[in-house]
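Structural overview for review
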Number of protein chains: 2
Amino acid sequence: MGPFEVTNEVLSPTRYLQYVTHPEAGAVTLFAGIVREWTNGKRTVYLEYEAYVPMAKKKLAEIGSDIQTKWPGTRIAIAHRIGILQISETAIIIAVSSPHRKVAYEANEYAIEQIKKNVPIWKKEIWEDGEKWVGGQTYKPSEGGSDDSSLLLCANERIDEKKSRNDQLDSWNSR
Amino acid sequence: MGPFEVTNEVLSPTRYLQYVTHPEAGAVTLFAGIVREWTNGKRTVYLEYEAYVPMAKKKLAEIGSDIQTKWPGTRIAIAHRIGILQISETAIIIAVSSPHRKVAYEANEYAIEQIKKNVPIWKKEIWEDGEKWVGGQTYKPSEGGSDDSSLLLCANERIDEKKSRNDQLDSWNSR
């Protein structure tokens, strides 16, 4: 099982497909979360991801174990990229194999949902006229946004947000 | 949209991911159907796929159009390999992109279900002690099997099966 990676390197789909392919697998699903330029008419210039890397890797591995318990016979590999990402670059790859296809779809979608909820990775969206931290994905800012993937923090709340992120890291460290 | 291919060549996941990636896509799903060695304790040595190629390509393109109608904003590419495939080789790739992830999963799974029902591609399983045509995927033999992916024909029914396949081709040609 695995690997479960958080990395500055470009993510290679083939590599993660290979990790989960084996003679008892009949189906492989791969999810790639890619940087979208346009959201509700607003243009993203690029994204920046930050992670609390040791905890993020640990959480990804926990999600992998969880999936193998729920769906025996699956194999799973996950990689999240951090740093600056340009439009159409891949931020996350989830590869799942299974003897039959239904489980490969289900387990893959379950993985991304769990990652969005439980893994300490933050995204900054940079537009032509500003920027905004989007997530951490496990805490709620005082004002929520409507973005599909995450919770929003306004750029002018950066001080509160930094404090909030530090509080969150403290909370993870004490788990 | 597309391509929709039926080919003897090895299928490259990266190629099909690239076809569907564009600046308004935030999610890409890829399904790879791969040759499984073990099914219910029985060892497959290799598989052989045959297709009625012009109709298979047409049907794949129809499934692509259907998906774009059901889920506007998606892009889809499908490739099915034919000929002899070894264990863990990829028989089919479906790549779907969408602005958001839920649709990318749904549309991809819908595609494989439609392909199994409607595309004239036949699979022969070769075991150590015999072989069996599995599918065409759109007609019912007089005796059905319980395999996940298809309908079974026994090796000793090859004459009936050849006739049945020809009848099916006639039926497609007259549509």
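A quick note: this is a predicted structure, and the numbers were derived from the prediction, not measured.

The next thing to look at is the nonpolar core. Ranked by internal contacts, the top residues of the largest apolar core, which has 86 residues, are V28 and A95 of chain A together with A95 of chain B. Setting aside anything within four residues of it in sequence, one finds A95 of chain A in contact with Y16, L17, Y19, V20, V28, L30, I76 and A77 of chain A.

Moving on, we come to the interface of chain A and chain B. The interface of chain A with chain B comprises 28 residues on the first partner and 28 residues on the second. Listing elements by their share of the side of chain A that touches chain B, those giving two or more residues are α1 (13-20), β2 (27-34) and α3 (101-118) of chain A. A per-element tally of the side of chain A that touches chain B places β2 of chain A first, with eight residues. Two elements, β2 of chain A and strand β2 (residues 27-34) of chain B, share seven bridges in a ladder whose sense is antiparallel. The residue bridging A27 of chain A from the neighbouring strand is G33 of chain B, located in β2 of chain B.

A separate point is the sheet that holds strand β1 (residues 4-7) of chain B. Two pairing modes exist for strands in a sheet, parallel and antiparallel, and in both the strands are linked by backbone hydrogen bonds. Read across the sheet, eight strands follow the order β1(A)-β5(A)-β7(A)-β2(A)-β2(B)-β7(B)-β5(B)-β1(B) without closing on themselves; strand pairing throughout is mixed. With partners counted over all chains shown, the strands left at the sheet margins are β1 (4-7) of chain A together with β1 of chain B, one partner each. Strand-to-strand twist across the sheet, computed as the mean angle between neighbouring axes with direction ignored, equals 10 degrees. Both strand β5 (residues 75-81) of chain B and strand β7 (residues 90-98) of chain B contribute to a ladder of six bridges, which runs antiparallel. Along β7 of chain B, the bridge assignment pairs R75 of chain B with S97 of chain B. Across the sheet, α1 of chain A is in contact with β2, β5 (75-81) and β7 (90-98) of chain A together with β2 of chain B; its angle to β7 of chain A comes to roughly 25 degrees.

Moving on: the relation of the copies chain A and chain B. For the pair chain A and chain B, the superposition axis carries a translation of 0.0 Å, the fit reaches an RMSD of 0.0 Å, and the rotation angle comes to 180 degrees. On this basis, the relationship between the two copies can be described by a two-fold rotation axis. Among all C-alpha atoms of chain A, that of L30 of chain A lies closest to the rotation axis, at 2.5 Å. A shared interface surface links the copies, since 100% of the contact residues of chain A are contact residues in chain B too.

Looking now at the environment of Y19 of chain A. All names here are of chain A. Here Y19 lies in helix α1. With 18 C-beta atoms counted inside 10 Å, the residue Y19 sits in the partly exposed group. Filtering out sequence-adjacent residues up to four positions away, Y19 remains in contact with P3, A77 and A95.

Below, the discussion takes up the environment of N40 of chain B. All names here are of chain B. With respect to the helices and strands, N40 occurs in the loop between β3 (38-39) and β4 (42-51). A count of 8 C-beta atoms within 10 Å places N40 in the exposed class. Counting along the chain gives 91 residues from N40 to E131, while the straight-line C-alpha distance between them is 16 Å.

Glancing now at the pairing of strand β9 (residues 130-134) of chain B. All names here are of chain B. Strand direction decides the pairing type here: strand β8 (residues 121-127) and β9, joined by five bridges, are antiparallel. Each residue of the ladder has a partner; that of E125, found in β9, is K132. In this structure, the hairpin formed by β8 and β9 is closed by a connection of two residues.

Right, let's get into unusual backbone geometry. Glycine aside, the phi torsion of most residues is negative, and most peptide linkages are trans. Cis geometry marks the peptide bond from G2 of chain A to P3 of chain A, where omega comes out at 5 degrees. Of note in this structure, S88 of chain A is not a glycine but carries a positive phi near 75 degrees. Counting through the fold element by element, S88 of chain A comes out in the loop between β6 (83-85) and β7. Using a count of 18 C-beta atoms within 10 Å as the deciding quantity, one classes S88 of chain A as partly exposed. Non-glycine residue N40 of chain B carries a positive phi angle of around 50 degrees.

Once that is clear, we can look at the environment of V45 of chain B. Residues and elements named next belong to chain B. You can see V45 is positioned in strand β4. Among the residues examined, V45 registers 13 C-beta atoms within 10 Å and is labelled partly exposed. Placed 27 residues apart in sequence, V45 and P72 show a C-alpha to C-alpha distance of 41 Å. Here V45 is in contact with I126, W127 and E128, once residues within four sequence places are set aside.

Confidence in the prediction of chain A, expressed as mean pLDDT, is 84, and 77% of residues score 70 or more. Interface scoring of the predicted complex returns ipTM 0.82; its pTM is 0.82.

Conventions and cut-offs
- Residues numbered from 1 in each chain as written.
- Chains lettered and ligands numbered in written order.
- Predicted model: local features only at pLDDT ≥ 70, side-chain atom pairs only at ≥ 80, totals over all residues.
- Core = buried A, V, L, I, M, F, W, Y, C linked by C-beta atoms within 7 Å.
- Buried ≥ 20, exposed ≤ 12 C-beta atoms within 10 Å, placed from the backbone.
- Contact = placed C-beta atoms within 7 Å.
- Helix = DSSP H or I, 4+ residues; strand = E, 2+ residues; numbered from the N terminus.
- Pairing = 2+ DSSP bridges.
- Axes fitted to C-alpha atoms, helices over the stretch in contact; angles between N-to-C directions.
- Least-squares fit on C-alpha atoms with pLDDT ≥ 70 in both.
- pLDDT = per-residue confidence, 0-100.

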